[in-house]
Amino acid sequence: MIAKPRLVFRVGITGHRPNRLEKAEADLPLLHNRVKSVLQLVSETVHRVHREDMAPYAAEAPVLRLVSSLAEGADRIAAREALRLGFELDVPLPFARDRYELDFVSANSSPPRDTRAEFRELLGHARRVLELDSVPESDTAYVAVGTTTVRQCDILLAIWDGEPSHGPGGTPDSVVEALRIELPTVWIDAHGATRHATGLAELEDSGIVRRSWDAESIANRVRLIVALPTADEAGRTPAGHGEHTAPVRAARDYFAENPSLRAPNSFFTTANRFFARGWQYEDNYRQLLAQSDMLAPMRGEQRRRPEPESGQLSRELVDDVPASEWTPQFDALVQALSSVIAPSFRDADLLAIRYANLHRDYMALGFLLYAPLAVLCAFLSFATRHSTAFSILFGLAEVVLIGAIWGGHRRNVRHRYHERWLDYRSIAEKLRHVLLLAPLGRPTLDVQFPITLGVSDPTSHWTSWYIRARVREEGLVAGRLTDPAQRAALRTLLWRWFVRGQIRYHARTAARMRTALRHVHAYRDRMFVVAALAALSHVAISAAALAHPIVHDWELRHVWLVTGLSTLTVFLPAVVAALHGYANQADFENSAIRSEGELQRLTQLDTEIRAEPDPSGIDLLRATSLTSESMLAELAEWRQDTASRPAEKP
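Residues numbered from 1 in each chain as written. Predicted model: local features only at pLDDT ≥ 70, side-chain atom pairs only at ≥ 80, totals over all residues. Heavy atoms only, no water.

Asks: Requested: an account of the environment of Leu493, with residues and values cited.
Replies: Along the chain, Leu493 turns up in helix α18 (residues 484–547). Considered as a pair, Leu493 and Val321 are 172 residues apart in the sequence and their alpha carbons are 8.0 Å apart. Those residues within four positions of Leu493 in sequence are excluded, and the remaining contacts are Leu317, Phe330, Leu333, Leu337, Leu435, Leu436 and Phe498. (Helix = DSSP H or I, 4+ residues; strand = E, 2+ residues; numbered from the N terminus. Contact = heavy atoms within 4.5 Å.)

Asks: Give me the sheet that holds strand β7 (residues 155–160): which residues, what numbers.
Replies: Overall, mixed pairing links the 9 strands, which are arranged β10-β9-β8-β7-β1-β2-β3-β6-β11 in an open sheet. In the strand order of this sheet, the two ends are held by β10 (207–211) and β11 (479–480), each with one partner. Summarising the sheet, strand β2 (residues 63–67) and strand β3 (residues 88–93) pair through 3 bridges and their orientation is parallel. Looking at β3, one finds that Leu66 is bridged to Leu89. Sitting on the sheet, helix α3 (residues 74–84) is in contact with β1 (8–15), β2, β3 and β7, with an inclination near 150° to β1. Sheet strands touched by helix α7 (residues 171–180): β1, β7, β8 (185–189), β9 (198–204) and β10. Its angle to β7, the strand with the most contacts, is close to 150°. (Pairing = 2+ DSSP bridges. Axes fitted to C-alpha atoms, helices over the stretch in contact; angles between N-to-C directions.)

Asks: Which residues make up the packing of aromatic side chains, and what values go with them?
Replies: The full count for this structure, using the stated rule, is 26 aromatic pairs. Measuring from ring centre to ring centre gives 6.5 Å for Tyr424 and Trp462, while their planes differ by 85°; the resulting arrangement is edge-to-face. Here Trp462 lies in helix α17 (residues 462–474) and Tyr424 lies in helix α16 (residues 417–437), a separation of 38 residues in the sequence. Trp462 matches Tyr424 in its accessibility class, with the two residues each being buried. Taken together through their ring pairs, the aromatic side chains of Tyr57, Tyr254, Phe255, Tyr355, Tyr417, Tyr424, Trp462, Trp465 and Tyr466 make up a single cluster. When the ring centre of Trp187 is taken as reference, the NZ or CZ atom of Arg210 above it lies at 4.7 Å. (Phe/Tyr/Trp six-rings, centres within 6.5 Å; stacked < 30°, edge-to-face > 60°. Buried < 20%, exposed > 50% of the residue type's maximum accessible area, 1.4 Å probe, protein only. Lys NZ or Arg CZ within 6 Å of the ring centre and 35° of its normal.)

No statement about biological role is implied by the geometric values presented.
As structure tokens, this is what we get:
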């Protein structure tokens, strides 16, 4: 069975430093109480949701986390209160901690201050720390850490005086970023004169306004974030669900799956291997193969031998990453990703393959085997009517074949093979992207794709709930992007596994699909010609028999030949129709077109990544985001095409 995600909820903090709080005449004890009350309310609501079983989370107690860069002032106020309430602490830093500490000492201030000891003490409580590689003197350093905080939390707590920012990356910028992505934001006014009024921040044409709120308002927001989508007031399931599948049932079915089960033998895979036999790369990709190692498999001496205790992700990467690039930093990165996200990706990937084969096996068997044989048996039952035994035998065989078609369709629909394939593949592919984005501090996928044809809002689907739950469970991935070796490890993961691995996949897919389609069309055309020749021969023999008694006598003596020609005229057109239906359901043409388009985008990205041997964190984030956008767009096209081909009777 698949382990359920643990219920985790993250609160981010942004706010002013002491000088601006002093200017706003903040009442620090009251400010502490305001922050404490919000954190308590969030904690109580999360625990209540867990008790009410509003989503299939694990039985362990929920985890509350605060995401804070531990700057002086508001950040540390929230950190102190959160730690007292039992919150965990995740800390993104704008640059190396040693340099960041210098922000917290000043001999020129009055009185002189040095809060480095407090910073170190709070940092010692951190569950994980991520050091970004921003340039300390640049305008982007605090923008980057503010954006990371926003992308790492489920609700943002802002202690803000409502005034514009005094520089890039200030509290107003974080609030705007949060509201832009529709992240609930609790605004505590920094002015002591307002008694630190609290409300929900909202965007209006005139700017950001604070709306009145109550405990129930915040509680409802928290419930919406962590609860599994359910039917609306009219009883309809949210957009993107199967027609008869409630999200709670779909999620619980997923957790009851066993990914370790051996995949059944696939008739569809065998058929595709037959039709795609002898496939070769297209001319432009053969040239690519000759020019670089992009499509060529690694030689034996280049490979790294995995240790027996290596995790699944380590064993998979052996096929993509040469031993020379398997540095200690890369190994540590792989191990860090193997805690939550990588196993979840692997489970979904295995299940997607299983249900894809189950759905497509029904389709392949029905179109290529059962339907043509049923037509053949129906004709033979009529042709052998002079022999009661044979006529009955062929009639029973026809009934059995029709029953197999009907039973396969019922089994496909009842067990939701098609729907599960779509859902599990969506989970796997999104988690594949999270594996790359999470170490950069940005696990949120900005690119959304339709869950089903014509559906534009996937956020109400249970698979999106599951992905968000796993992302929250993983939380901030520890790392030091200030270390060139760490950035090199991330570049290796992006380039070798993600980009080049997908280039090889799509190059093979495009070549195999084109070859399979050509062979299917060739068999279809040949059978059509043979059927036409058989029909012409049958007509010619029948016409000659009417005109010449000798031919009529010959026809009677060779009734098996005439019956064979009649059988071919009936059976081969059925096979032609079956091949057409199979090619349509297998989606050879669209699969090849999608892969060819994706190859063009990925080869361009490969060129850009190869040209930058020592990328910065921003460079890596840009390349990863572009790759994700491209591949998720291709996934959207695949999903729409596949969703439009549900289980159908041949």
